Amino acid sequence: RSSSSSGSSSGSNFTRSQQGATNATAKKYPLRQGRSSGSDTELNDLKACDTPPRTPTGNGPYSESDPEVSGPGDGPDERLAKELSLKEAAAHDLSHRPKRRRFHESYNFNMKCPTPGCNSLGHLTGRHERHFSISGCPLYHNLSSDECKVTSRDKQVEERALSHRQDENRHSTRNQAPSERQLRYKEKVTDLRRKRNYGLNKEQKEKHMDPRQSHGAGREPLLENITSDYDLELFRKAQARASTNLEKLRLAGHASSEGGNMIKSIVFGRYELDTWYHSPYPEEYARLGKLYMCEFCLKYMKSQTILRRHMAKCVWKHPPGDEIYRKTNISVFEVDGKKNKIYCQNLCLLAKLFLDHKTLYYDVEPFLFYVMTEADNTGCHLVGYFSKEKNSFLNYNVSCILTMPQYMRQGYGKMLIDFSYLLSKVEEKVGSPERPLSDLGLISYRSYWKEVLLRYLHHFQGKEISIKEISQETAVNPVDIVSTLQSLQMLKYWKGKHLVLKRQDLIDDWKAKETKRGNSKTIDPTALKWTPPKGS
């Protein structure tokens, strides 16, 4: 072990002067010290400061300062007898050991398995007495707890045999040819997959349909004859391993039950939406599994009755704030997080149900929210939004962006992105979205940047082009422009110069899609009535 690693491990026990001396020595002589771990002074300090390991009796280890086990005048028999008596006393003294926690004491018995008709007893792996999730539920997998225990014993025998074989082959060379056992196993797997029965007779079809008809989605579909027995067994093993890992996380306190504090769906206007991610709603609401929301003020409630009473009294028909854009039935409202704090907090909690990387929930005062709505005779319905820092040091024009699931894949996401860049043009700034982007956000932005560049190149008539000029005209950051050109294979390096290739095939494809799409889902700059906030 080198001196630098030793100095870092024992650095917490030194004074500042000692630590500085150690670091200086490590930098100056990195290879001179072999196995030693510093000077003798440092070693003595380490021995004095470190807590010695305790013996089974709870005392420190034997040292020269401790009273000796045997006196100088004791004979060998008496000395041996004393040592044996001390060992027996240490073996019976268990007060030093921490109290062993039984398995069932680690569980919270208020949690229950979400499978209908399940009493939470047994586990898919057969190794636990209880379960609280669908992944570990024997009933959901069309099994009994006794069948899981029998299967678990058989699997344990197979795992021992497999680990023994792995130990035998552990020291084999990396480039060694497959052994005879491996070749036989490969032939066996190939034969098993070849013997797969693709067809189902009448009895098997009835057997497959009965659980789904009687229990609906509360049971796993029967998977026999869908694939080969070998692949099905691999899938079962993966299921069992995943459920075991989930139980370990739950016992360690890192995971909640799949029916516990997780909102599975929300009632939002005339839609019932399945959620994608966890959102930190108050626990009394999160444990319900379904929330009821007012689509205008975004207040969340516990039941349909409370929502109906609220809607009879709610006077809101559009988001708070100023309407800064309107064309046909599409409007955009600018909402200040400082003036309308509750609305913006509820909007962030709602967005977290569909965004993975969002971390802002309650600190909304430094942000402006631009909420896009679609109007009809009942009010302005939420389509999506994006938030933006009032004073962004890095000129981010979007902090968080979301299109509601019922409006996805209809062009509203690009409208929101285009609107954010329109605001940047009015501010005479170059903008870029805040990182990291979500998966869907990255796809939307790359598609938008591609369209912006192809449109610019389609109308460009000169022979020399500048990335800076494109950025100033489109308000897109030069870094985003270069990355988009590289992804489109339009940026080349030839004879010491960077060239932008005007690929006519990509431009023709974009033009055909633009003609087919029409102008229904586009932002009209003339419909914007907005001046930049002071200090932005």
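Note on numbering: residues in each chain are counted from 1, in written sequence order. The predicted nature of this model means local features are confined to residues of pLDDT at least 70 and side-chain atom pairs, given and counted, to a pLDDT of 80 or more, with totals for whole chains, interfaces and linings taken over all residues. No hydrogens and no water enter the side-chain calculation; it runs on all heavy atoms of the structure.

The name given to the protein chain in an unreviewed UniProt entry is Histone acetyltransferase, with Gadus morhua as the source organism. UniProt positions are given in the numbering used here, feature names are shortened, and annotations may be inferred rather than shown by experiment. Regarding the protein chain, the relevant UniProt record gives this comment under Subcellular location (unreviewed entry): "Nucleus". Word for word, the UniProt comment on the protein chain under Sequence similarities (unreviewed entry) is "Belongs to the MYST (SAS/MOZ) family."

A.B. asks: A description of the packing of helix α13 (residues 439-459) against helix α16 (residues 504-517) should follow, citing residues and the corresponding values.
C.D. replies: Their axes nearest at 10 Å, the elements α13 and α16 cross at an angle of 105°. Judged by the inter-axis angle, α13 sits roughly perpendicular to α16. Residue-level inspection shows E451, L454, R455, L457 and H458 of α13 in contact with α16, the latter providing L506, I507, W510, K511, E514 and R517. To define axes, lines are fitted to C-alpha atoms, for helices over the stretch in contact only, and angles between the resulting N-to-C directions are given on a 0 to 180 degree scale. By the criteria applied, helices consist of DSSP H or I runs no shorter than four residues and strands consist of E runs no shorter than two, each listed in order from the N terminus. Convention used here: angles under 35 degrees read as roughly parallel, angles over 145 as roughly antiparallel, angles from 65 to 115 as roughly perpendicular, and any remaining angle as oblique. The contact criterion used is simple: two residues touch if any of their non-hydrogen atoms lie within 4.5 Å.

A.B. asks: For helix α12 (residues 412-426), give the residues involved together with the corresponding values.
C.D. replies: For a helix, the expected span equals 1.5 Å multiplied by the residue count minus one. With 15 residues, α12 should reach 21 Å at 1.5 Å per residue; the first-to-last C-alpha distance of 21 Å fits that figure. Among the residues of α12, Y412, M415, L416, I417, F419, S420, Y421, L422, L423 and S424 are the ones counted as buried. After α12 finishes, the residue E428 shows a positive phi value of roughly 60°. Note on classification: 1.4 Å probe, protein chains only; a residue is buried when its accessible area is under 20% of the maximum for its type, exposed when over 50%, partly exposed between these limits.

A.B. asks: Pulling in residues and values, what's your account of the packing of helix α14 (residues 467-474) against helix α15 (residues 478-487)?
C.D. replies: Close contact between α14 and α15 brings their axes to 9 Å; oriented N to C, the two are set at 115°. If you check the angle between α14 and α15, you find them roughly perpendicular. Our pair here, α14 against α15, has a crossing hand that is right-handed. Each of I467, I470, S471 and T474 in α14 lies in contact with α15, whose residues at this interface are P478, I481, V482 and L485. In terms of residue class, the contact of α14 with α15 is built from 6 nonpolar, 2 polar and no charged. Left-handed is the label given to a crossing in which the near helix is rotated counterclockwise from the far helix by less than a right angle, and right-handed is the label when the rotation is clockwise. In this count, Pro and Cys sit with the nonpolar residues alongside Ala, Val, Leu, Ile, Met, Phe, Trp and Tyr, while Asp, Glu, Lys and Arg are called charged and the others, Gly among them, polar.

A.B. asks: Tell me about the state of the cysteines, and please be specific about residues and values.
C.D. replies: Disulfide: a pair of cysteine sulfur atoms within 2.5 Å of each other. Taken as a whole, this structure holds 0 disulfides when the rule is applied. C314 takes part in no disulfide bond, and the closest cysteine sulfur to it belongs to C294, at a distance of 3.9 Å. Residue C314 is classed as buried on the basis of its relative accessible area, which comes to 14%. With no disulfide of its own, C344 lies 6.9 Å from the sulfur of C348, the closest cysteine sulfur. What makes C344 buried here is its relative accessible area of 0%.

A.B. asks: Can you lay out the sheet that holds strand β4 (residues 300-301) for me, pointing to particular residues and giving the numbers?
C.D. replies: Strand order across the open sheet formed by 4 strands is β2-β1-β3-β4, with mixed pairing between neighbours. The sheet is open, and its two borders are formed by β2 (271-274) and β4, each paired with just one other strand. Whether two strands pair depends on DSSP finding at least two bridges between them.

A.B. asks: Residues and numbers for α15, please.
C.D. replies: Given 3.6 residues per turn, any residue in an α-helix points the same way as the ones three and four places further on. All of the buried residues in α15 are D480, I481, T484 and L485. In an axial view of α15, the angular spread of the buried residues amounts to 135°, which keeps them on one side of the axis. Opposite the buried face of α15, at more than 90 degrees from it, the exposed residues are V479, Q486 and S487. Here the buried face of α15 lies against α12, β11 (432-433), α13, α14, β12 (491-494) and β13 (497-500). A 3.5 Å cut-off defines polar contacts: any pair of N or O atoms within that distance qualifies, except that in protein one atom must be a possible hydrogen donor and the other a possible acceptor, and neighbouring residues in sequence count only when both atoms are side-chain atoms. Residue N477 occupies the N-cap position of α15, its side-chain oxygen lying 2.9 Å from the main-chain nitrogen of V479. With its phi angle positive at about 60°, Q489 sits one or two positions after the end of α15. What the arc measures is the spread of directions leading from the helix axis to the C-beta atoms.

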